[in-house]
Amino acid sequence: MHKVIFDTDPGIDDAMALLFLERHPEIDLLGITTVFGNASIETTTRNALFLKREWNIKAPVAKGGDVTYDAARPMAPWPVVVHGVNGLGDIDMPETIDDVPLDPRPAFQFIIDTVRANPGEVEIVAVGRMTNLALAIAHDPEIIGMVKQVVVMGGSFEKNGNVTPAAEANIHGDPEAADAVFTAPWKVVIVGLDVTIQTVMTRTQMHDLAARGGPHLELLAKISDPYIDFYSQQVEDGMVVHDSCACVYVVAPELFGLRPGSVRVVCGGIADGQTIQKPSQQFFPPSPWDDKPDQQVAMTIEPVKVVDLVAKTLVP
Ligand SMILES: [Ca+2]
């Protein structure tokens, strides 16, 4: 079994990824930690509680903070054109979820405690800003050696970004946090736009899942419809399943081709939030990439197999 902490900013593709983790038979979802990004921390946390309740998810929800890792950094605007004002496609939902308790700990402390309780076993799947992870390792650096792996959805290495020509949203929203996470001596696998943008679930596939999967999948389809409308400007009538790609990596790494090398994040300037890897085979004069651990960047993916695995997991 894969013991997973899901660090997330729900978020429409986050919602699908959450249901994938909940339903995959080889995944034991230990907790959901929330981060701002697709909406404010209040909204993404409310959304996580809402999905936990609607989908009968046992894993606790722990709330992240409402400032970036570098508190001086201004917050990026919420991407309301992608995820809606409420972060879940503007479906009808309650203002607050009062009947589902929140874990009393802040997200970073939940991560520390859960890793310490399961030394060497926890896989953190982080599909929002890296804020909670960076705070966790700043507060308790010993956990770095106790985490099995960190799988990140974020960054872009040989393609443009999606919020600026240089930067992808999860990294751009808290670059200092991402740089801290990528340069720490733990195993990080980064699944970025290079591969996620190729990985599309069509509207027809989603509606088929809704037709066969009962109310839980009907809810997911309802949340996803406006997101499909948004992505249909870029891809053939379907949705890019960014966050699910990182979750699939946990159980099916053979569907990805990885490139090793240290990774740094540009912090400030016009390329703020750009992710740059120094491939480990390439030699350069001394640079800020030296003496940092090799991390793995996904350069190739088998998109049809990834989407099939997501679909089969959501509705067996
Ligand atoms: Ca996300």
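For clarity, every value in this text was computed on a predicted model and none was experimentally measured.

A count of helical and extended segments in the protein gives eleven helices and eleven strands. Viewed in the frame of its principal axes, the protein has a C-alpha envelope of about 55 × 45 × 40 Å. Intrachain contacts of the protein at a sequence separation of at least 6 include 80% that bridge at least 24 residues. Accessible surface for the protein amounts to roughly 12,400 Å². Of this, 54% is attributable to carbon and sulfur atoms. Here the protein holds 23 positive side-chain charges and 42 negative ones, and the gap between their average locations is 4 Å.

It is worth spelling out the packing of aromatic side chains at this point. For the coordinates displayed, the defined rule picks out four aromatic pairs. Seen from their ring centres, Tyr 249 and Phe 256 are 5.4 Å apart, and the 75° between their planes marks the pair as edge-to-face. Across the pair, exposure class does not vary: Tyr 249 and Phe 256 are buried alike. Taken together, Tyr 227, Phe 230 and Tyr 231 form an aromatic cluster joined through their ring pairs.

Here the focus is unusual backbone geometry. Here Pro 10 and Gly 11 are connected by a cis peptide whose omega angle stands at -15°. Counting through the fold element by element, Gly 11 comes out in the loop between strand 1 (2-8) and helix 1 (12-23).

With that settled, the discussion passes to the packing of helix 4 (residues 107-117) against helix 5 (residues 131-139). Running from amino to carboxyl end, helix 4 crosses helix 5 at an angle of 60°, the nearest separation of the two axes being 8 Å. Viewed along their axes, helix 4 and helix 5 adopt a mutual orientation that is oblique. The element helix 4 and its partner helix 5 pack so that their crossing is right-handed. Here Ala 107, Phe 108, Ile 111 and Ile 112 of helix 4 lie close against helix 5, whose contacting residues are Asn 132, Leu 133, Leu 135, Ala 136 and His 139. Tallied by class, residues from the contact of helix 4 with helix 5 come to seven nonpolar, two polar and no charged.

Ordered in space as 3-2-1-4-5-6-11-9-10, the nine strands form an open sheet in which the pairing is mixed. The sheet is open, and its two borders are formed by strand 3 (61-62) and strand 10 (275-279), each paired with just one other strand. As paired strands, strand 6 (residues 188-191) and strand 11 (residues 295-301) are joined by two bridges and run parallel to one another. Its bridge partner being in strand 11, Ile 190 is matched across the sheet by Val 297. Seen against the sheet, helix 10 (residues 242-251) touches strand 1, strand 2 (27-34), strand 4 (122-126), strand 5 (147-153), strand 6, strand 9 (256-265) and strand 11 and runs at an angle of roughly 155° to strand 5.

Turning to the side chain of Thr 45, a few remarks are in order. For Thr 45, the location among the structural elements is in helix 2 (residues 41-54). A relative accessible area of 4% means that Thr 45 is categorised as buried.

Moving on: the pairing of strand 5. With respect to burial, strand 5 is a largely interior element, six of its seven residues being buried. The pairing of strand 4 with strand 5 spans five bridges and is parallel. Looking across to strand 5, one finds that Ala 126 is bridged to Val 152. Pairing analysis gives four bridges linking strand 5 to strand 6, with the strands arranged parallel. Along strand 6, the bridge assignment pairs Met 153 with Val 191.

What counts as what
Residues numbered from 1 in each chain as written. Predicted model: local features only at pLDDT ≥ 70, side-chain atom pairs only at ≥ 80, totals over all residues. Heavy atoms only, no water. Helix = DSSP H or I, 4+ residues; strand = E, 2+ residues; numbered from the N terminus. Contact = heavy atoms within 4.5 Å. Areas by Shrake-Rupley, 256 points an atom, 1.4 Å probe, with all protein chains shown as cover. Lys, Arg positive; Asp, Glu negative; His and termini not counted. Charge placed at Lys NZ, Arg CZ, Asp CG, Glu CD. Phe/Tyr/Trp six-rings, centres within 6.5 Å; stacked < 30°, edge-to-face > 60°. Buried < 20%, exposed > 50% of the residue type's maximum accessible area, 1.4 Å probe, protein only. Axes fitted to C-alpha atoms, helices over the stretch in contact; angles between N-to-C directions. Parallel < 35°, antiparallel > 145°, perpendicular 65-115°, else oblique. Left-handed = near helix turned anticlockwise from the far one by under 90°. Nonpolar A, V, L, I, M, F, W, Y, C, P; charged D, E, K, R; others polar. Pairing = 2+ DSSP bridges.

Any functional reading would require information beyond the geometric quantities listed.
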